[in-house]
Amino acid sequence: MAKHKTHFEDCDVLVVGGGMAGTGATFEARHWGRDLKIICVEKANIDRSGAVAQGLYAINCYMGMQWDENQPEDHVRYARNDLMGMVREDLGYDMARHVDSTVHMFDEWGLPMMKNEKTGRYLREGKWQIMIHGESYKPIVAEAAKKSADKIYNRIMITHLLMDEAKENRVGGAVGFNMRTGDFHVFRAKTVIVAAGGASHIFKPRAVGEGMGRTWYAPWSNGSAYALPIAAGAKMTQMENRIVLCRFKDGYGPVGAYFLHLKTYTQNANGENYEKKWYDQTKELVGEYIDHHPTPTCLRNHAFIQETMAGGGPIQMVTTEAFQDPHLETVGWENFLGMTVGQAVVWASQNIDPKYTNPELTTSEPYVMGSHATCSGAWVSGPEDLSPPEYFWGYNRMLTIDGLFGAGDTVGGSAHKFSSGSFTEGRLAAKAAVKYIEDQKAEGINVTDKQCEDFKFQVYKPLDTYTVAQNEITGGTVSPSYISPIQGLQRLQRIMDEYVGGIATNYMTNENMLKRGLELLAWLEEDLEKVGAEDYHQLMRAWELKHRALTSQCVTEHTLFREETRWPGYYYRGDHMKLDDDNWHCLTVSRRDPKTGKFEMEKVPVYHIVDENEKKKAS
Ligand SMILES: Cc1cc2nc3c(=O)[nH]c(=O)nc-3n(C[C@H](O)[C@H](O)[C@H](O)COP(=O)(O)OP(=O)(O)OC[C@H]3O[C@@H](n4cnc5c(N)ncnc54)[C@H](O)[C@@H]3O)c2cc1C
């Protein structure tokens, strides 16, 4: 223990994770808090970290209010429809009304935006998406954060939040370790903004063995955004709402530009429009939701999954028509080169030229995130001017722990934020965090050395476990006294896959399976006390695994609680196959008691603010 040096840093605003939301938070914190000390801590390097590391080809959330293309109300209706009614409309509206200003800053900062030659407006890919040459998207937003922060710490993984010992339920900072030096870092902070992305690799991926790591969602997103607040006792929402993506097979290349800009379409192996075939069956399950336009993402998945189970696969994207147009062919390839080079490589390796062969699609393993066509995450306060009392407790985007804020994938209930909306939400959270400090809410925080030392002991325990247990290794990595992070990860993935609705069961689960899953997760948690790490990189893997395991428990508890199938195509409760608006038109909220480890669940009303307000105005 003594060999790991401890560094102390005191600051006003601590941003955990320097992805899209974290860079937005760091930038905006400086705008409102000129004299404040602002620190951003990132597990990788903010120049190329998070889901946008490799670049993007489209900004998926832009209203275009200056040209009256869309208004925030329209976006709320869109997100509500896509999530089968279940969104926090206050959060969605708040993000939407500010997102255009974020995009305009990206433009000023030099992000190459494609323009419509006739109108001079940003080139639309779809109703909400605008096209960019975005290979350098992440370095551009990182520069803004670097210029705003007092200090950016790269290569430090935050493992725990510190709690104030003077006042109950108030945050006091965070701790973590540097994966290169092994040093321990204590950040005592007046406010903490968690912006640590979503969670991949909690469900077993389709690609295992030689292909492990090839997932749609960034493999390094390990659920810290959820585990950090859950461990501290913050409330979470909609954690059952995991997302399954329909993407190009094996490379997980995006389909948005193909559907929207290239106007490609899907078919089954016999060249049929299979979605129509499943209309009546889907209507039986979800009623009129299947008639909504656009068809909710999960319901399109549902048709795909049913068709594949009925033997209609492989499902293909019809590219051979669009690719005859040289311009569209270029766009199709550039789309991958700007954000998913791997898909082009996979096609080359499989001898697929989309001009002549219609490539195969697949449905992914489930992921947990809060910014895409899904809204898992922390239960946060909304903005003062929009939120009903149940959704408001003082500061925008503050979790149920005082001084702890969230943004991007961290925040639940607000889907379809994407890159621009996550950056925007980071800005909103930072503005509120500065106000919290100015309002003197962070006075007198006391974080004792003992609290820090206790965490330090826990953080390095996997190294100590390995040091002792390695003497008992019988062959390769087999030891009676410890498990390695990869062994623990594979065990976690199988539990989630087989019991909580992964690909092994075609996304099917039920009460009995979930209860068994929870039992197995509890035993895994016990065994993770014996996880061993041979170096600092493996220590990171050990902590990633622990965060994934805690996130998984929360996902499973939520899935058990919601006794209906709200999102067929994301997962199915076999014992409650139908959507049940009478009993479950509500948000689910959980809290794990940090002392006992037990989760408590509750239902919270979902308020349809946008159209309610309009109805009131009309009457
Ligand atoms: C495959 C894919 C394709 C997408 N395509 C598009 C698109 O075309 N257009 C679009 O607009 N949006 C797109 N998105 C959505 C967009 O990328 C996300 O909405 C956005 O990145 C979320 O921002 P975030 O800050 O919450 O997470 P991220 O940007 O992922 O940032 C999280 C950061 O936290 C860091 N971190 C994690 N754990 C820790 C820890 N314990 N300690 C310290 N740091 C930590 C990570 O390293 C990372 O830098 C896509 C997302 C994915 C996954």
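A short tour of the structure in this document, coming up.

## A few points about the overall build of the protein
Inference 1: Looking only at helices and strands, the protein has 18 helices and 19 strands in total.
Inference 2: Dimensions of the protein along its principal axes, counting C-alpha atoms only, are 65 × 60 × 50 Å.
Inference 3: A sequence separation of at least 24 residues applies to 75% of the contacts in the protein between residues at least 6 apart.
Inference 4: When the accessible surface of the protein is summed, it comes to about 23500 Å², and 50% of that surface belongs to carbon and sulfur atoms.
Inference 5: Between the mean site of the 68 positive side-chain charges and the mean site of the 82 negative ones, the protein shows a separation of 2 Å.

## Observations regarding the packing of helix H2 (residues 72-82) against helix H3 (residues 89-108)
Inference 1: Here H2 crosses H3 at 135 degrees, and the two axes come no closer than 9 Å. Here H2 lies oblique to H3, going by the angle between them. Both H2 and H3 take part in a crossing whose hand is right-handed. Across the interface between the two elements, Pro72, Glu73, His75, Val76 and Arg80 from H2 touch Glu89, Gly92, Tyr93, Met95, Ala96 and Arg97 from H3.
Inference 2: Tallied by class, residues from the contact of H2 with H3 come to 5 nonpolar, 2 polar and 4 charged.

## What about the nonpolar core?
Inference 1: Leu14, Val192 and Tyr226 are the most contacted members of the largest nonpolar core, which totals 93 residues.
Inference 2: It is helix H16 (residues 536-561) that contributes the most residues to this core, 7 residues altogether.
Inference 3: Among residues more than four places away in sequence, those in contact with Leu14 are Ile39, Val41, Gly173, Ala174, Phe187, Ala189, Thr191, Val192 and Ile193.
Inference 4: Formed by 42 residues, the second largest nonpolar core is a distinct cluster that contains Tyr62, Val103, Tyr137 and Ala144.

## Quick word on empty space enclosed by the protein
Inference 1: Within the structure shown, the criterion is met by 1 cavity of 30 Å³ or more.
Inference 2: Lining the largest cavity we find His75, Val76, Ala79, Val87, Arg88, Glu89, Gly92, Tyr93, Gly413, Ser414 and Ala415.
Inference 3: Elements represented by at least two residues in the lining of the largest cavity include exactly H2 and H3.
Inference 4: Looking at the lining of the largest cavity, its residues break down into 5 nonpolar, 4 polar and 2 charged.

## Looking at the site of the ligand
Inference 1: What surrounds the ligand is a group of 33 residues, the closest being Glu42, Ala58, Ser371, Asp409 and Ser419.
Inference 2: With respect to the ligand, the backbone of Asn60 contributes an N or O atom lying 2.9 Å from an oxygen atom.
Inference 3: Taking 1000 Å² as the accessible area of the ligand by itself, protein coverage stands at 95%.
Inference 4: Taken together, the residues that form the shell around the ligand break down as 17 nonpolar, 13 polar and 3 charged.

## A short note on the pattern of salt bridges
Charged atoms that come close allow side chains of opposite charge to pair.
Inference 1: Enumeration according to the criterion identifies 46 salt bridges in this entry.
Inference 2: With a closest N to O distance of 3.4 Å, Arg77 and Asp74 form a salt bridge. A residue pair is termed a helical-turn pair when its members lie 3 or 4 positions apart in one helix, as Arg77 and Asp74 do in helix H2 at 3 residues.
Inference 3: It is possible to trace a salt-bridge network through shared partners that takes in Asp94, Arg97, Asp385, Arg397, Lys417 and Glu425.

## Here's the deal with the state of the cysteines
Inference 1: This structure, assessed with the given rule, holds 0 disulfides.
Inference 2: With no disulfide of its own, Cys246 lies closest to Cys298 among cysteine sulfurs, the gap being 13 Å.
Inference 3: For the unlinked cysteine Cys554, the closest cysteine sulfur is that of Cys375, found at 13 Å.

## A word on the environment of Asn446
Inference 1: Along the chain, the position of Asn446 falls in the loop between helix H12 (418-438) and helix H13 (449-469).
Inference 2: Apart from residues lying up to four places away in sequence, Asn446 is in contact with Met163, Asp164, Glu165 and Ala166.

## Overview of the packing of aromatic side chains
Inference 1: Applying the stated rule across the entire model yields 32 aromatic pairs.
Inference 2: Their ring planes at 70 degrees and their centres at 5.1 Å tell us that Phe27 and Trp109 sit as a pair that is edge-to-face. Residue Phe27 is located in helix H1 (residues 20-32), and its partner Trp109 is located in the loop between H3 and strand S4 (130-134); the two are separated by 82 residues in the primary sequence.
Inference 3: Where Phe248 meets Trp347, the ring centres are 5.1 Å apart and the plane angle is 80 degrees; that geometry is what we call edge-to-face. In this pair, Phe248 is assigned in strand S10 (residues 246-248) and Trp347 in helix H11 (residues 341-349), connecting sequence segments 99 residues apart.

## Some thoughts on a nonpolar patch on the surface
Inference 1: Where nonpolar side chains cluster on the molecular surface, the patch consists of Leu337, Val341 and Val345 and spans about 250 Å² of accessible area.
Inference 2: For Val341, the location among the structural elements is in helix H11.
Inference 3: Judged by relative accessible area, which is 37%, Val341 ranks as partly exposed.

## Regarding the pairing of strand S1 (residues 6-16)
Inference 1: Judged from the 10 bridges that link them, S1 and strand S8 (residues 184-194) form a sheet pairing that is parallel. Looking at the pairing, Thr6 lines up with Phe184 of S8.
Inference 2: Across 4 bridges, S1 lies against strand S2 (residues 38-41) in parallel orientation. Its bridge partner lying in S2, Leu14 is registered against Ile39.

The rules we used
Residues numbered from 1 in each chain as written. Predicted model: local features only at pLDDT ≥ 70, side-chain atom pairs only at ≥ 80, totals over all residues. Heavy atoms only, no water. Helix = DSSP H or I, 4+ residues; strand = E, 2+ residues; numbered from the N terminus. Contact = heavy atoms within 4.5 Å. Areas by Shrake-Rupley, 256 points an atom, 1.4 Å probe, with all protein chains shown as cover. Lys, Arg positive; Asp, Glu negative; His and termini not counted. Charge placed at Lys NZ, Arg CZ, Asp CG, Glu CD. Axes fitted to C-alpha atoms, helices over the stretch in contact; angles between N-to-C directions. Parallel < 35°, antiparallel > 145°, perpendicular 65-115°, else oblique. Left-handed = near helix turned anticlockwise from the far one by under 90°. Nonpolar A, V, L, I, M, F, W, Y, C, P; charged D, E, K, R; others polar. Core = buried A, V, L, I, M, F, W, Y, C linked by side-chain atoms within 4.5 Å. Buried < 20%, exposed > 50% of the residue type's maximum accessible area, 1.4 Å probe, protein only. 1 Å grid on protein atoms, 1.4 Å probe; cavity = no way out; pocket = protein on both sides within 12 Å on 5 of 7 lines; lining within 4 Å. Points joined across faces, edges and corners; volume = space filled by probe spheres on them. Near = heavy atom within 4 Å. Polar contact = N/O pair within 3.5 Å; in protein donor to acceptor, adjacent residues only side chain to side chain. Salt bridge = Lys/Arg side-chain N within 4 Å of Asp/Glu carboxyl O. Disulfide = S-S within 2.5 Å. Phe/Tyr/Trp six-rings, centres within 6.5 Å; stacked < 30°, edge-to-face > 60°. Patch = residues over 30% accessible without salt bridge, like charges linked within 9 Å, V, L, I, M, F, W, Y side chains within 5 Å. Pairing = 2+ DSSP bridges.

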